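Summary of structural features
Okay, here's what each chain looks like letter by letter:
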Amino acid sequence: MIAFPDFTFAFQPIVNVTSGEIVSFEALVRGVNNEASWEIMQQVGATDLHRFDKLLRSTAITLAARLGLECELNLNLMSGSIESSDSAIASTLAIAEQHNISANRITLEITEGEIINDYTRFAEAINKHRNSGLKIAIDDFGAGYAGLNLLAEFQPDMVKLDRSLVQNIDTRGPRQAIVRGVKRTCEDLGIDIIAEGVETPGEYWWFREEGIELFQGYLLAKPAFEKLPLAFYRRT
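A brief look at the structure comes next. (Residues numbered from 1 in each chain as written. Predicted model: local features only at pLDDT ≥ 70, side-chain atom pairs only at ≥ 80, totals over all residues. Heavy atoms only, no water.)

Side note on the environment of E210
Cut-off, in case you're wondering: The way it works is that DSSP assigns letters per residue, a run of H or I at least four long becomes a helix, a run of E at least two long becomes a strand, and they are numbered from the N terminus.
As for its position among the elements, E210 is in the loop between α9 (201–209) and β8 (214–216). Separated by 47 residues in sequence, E210 and R163 place their C-alpha atoms 17 Å apart.

Laid out in structure tokens, this is it:
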């Protein structure tokens, strides 16, 4: 039997600043003493990562339900988990249903930088669950080279801009131009944008002036260890 490291989760809100509501919580893996996610993941062997990935989502759902989740839940999904198991998504939705969390309250986040060997199979595996209401987000969008291919092969419900684009965007013209281009593309495709990793008022207000409504970052709320924070710092 595989001995996985002990772990738990912190939850960080994703906020619609126009409505003033927390629309979802992202479940972020942590050690039981609040160690960073990389400290946990490096303890798992490469051959066991996808089984651990499945266990992470199951545990995150169970904990969120116990904490009284009332909005949506964002869960990370390794793209390789889909390629290694046809039940990767179905099993996640089944566990959510057991805790009375419907599929339309689940968003699976797939990191742009992960290697996808077969885009067609990847898209098929995801799209067959979308009728249930499941949503898909591309995380760390702009950090690598796969983002535009992902948008072309299948349209996610949202993209989360990488911190490398967000950081100091209020003073960086090239980043502003790139984000405006991404925003236009997403608007044409009906994809929502989340400004992730927002840490300064300057970053926040630049995105607000560009019409972005969804935010996640330390400026509004830090991840809460084994808690679902009900409040965030509202910018006026």
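Having seen the structure, we can now continue with the description.
Concerning α9
Selection rule: Each residue gets one of three labels from its accessible area relative to the maximum for its type: buried under 20%, exposed over 50%, partly exposed in between, using a 1.4 Å probe on protein chains only. Relevant arc is that of directions from the helix axis to the C-beta atoms, nothing else. Contact definition: two residues touch when any of their heavy atoms are within 4.5 Å.
Those residues of α9 lying buried are E203, Y204, W206 and F207. For α9, the buried positions fall inside an angular range of 165° around the axis, keeping them on one side. Buried-residue contacts for α9 involve β6 (158–161), α7 (163–166), α8 (173–189), β7 (192–196) and β8. Within two residues after α9, G211 carries a phi angle of roughly 90°, on the positive side.

Topic: unusual backbone geometry
Positive phi values are uncommon outside glycine, yet D140 reaches one of about 55°. Turning to its location among the elements, D140 is positioned in strand β5 (residues 135–141). Exposure remark for D140: the relative accessible area of 24% places this residue in the partly exposed category. Positive phi, close to 55°, is recorded for N168, a residue that is not glycine. Tracing the chain through its elements places N168 in the loop between α7 and α8.

Describing the pattern of salt bridges
Condition: Any carboxyl oxygen of Asp or Glu that lies within 4 Å of a side-chain nitrogen of Lys or Arg is treated as forming a salt bridge with it.
According to the stated counting rule, one finds twelve salt bridges in the structure shown. Where K135 meets E72, a salt bridge forms, and the shortest distance between an N and an O atom there is 3.4 Å. Linking K135 in strand β5 with E72 in strand β3 (residues 72–76), this pair joins segments that are 63 residues apart in sequence. A residue is classified by how much of its surface remains accessible, and K135, at 16% relative accessible area, is buried. A relative accessible area of 24% places E72 in the partly exposed class.

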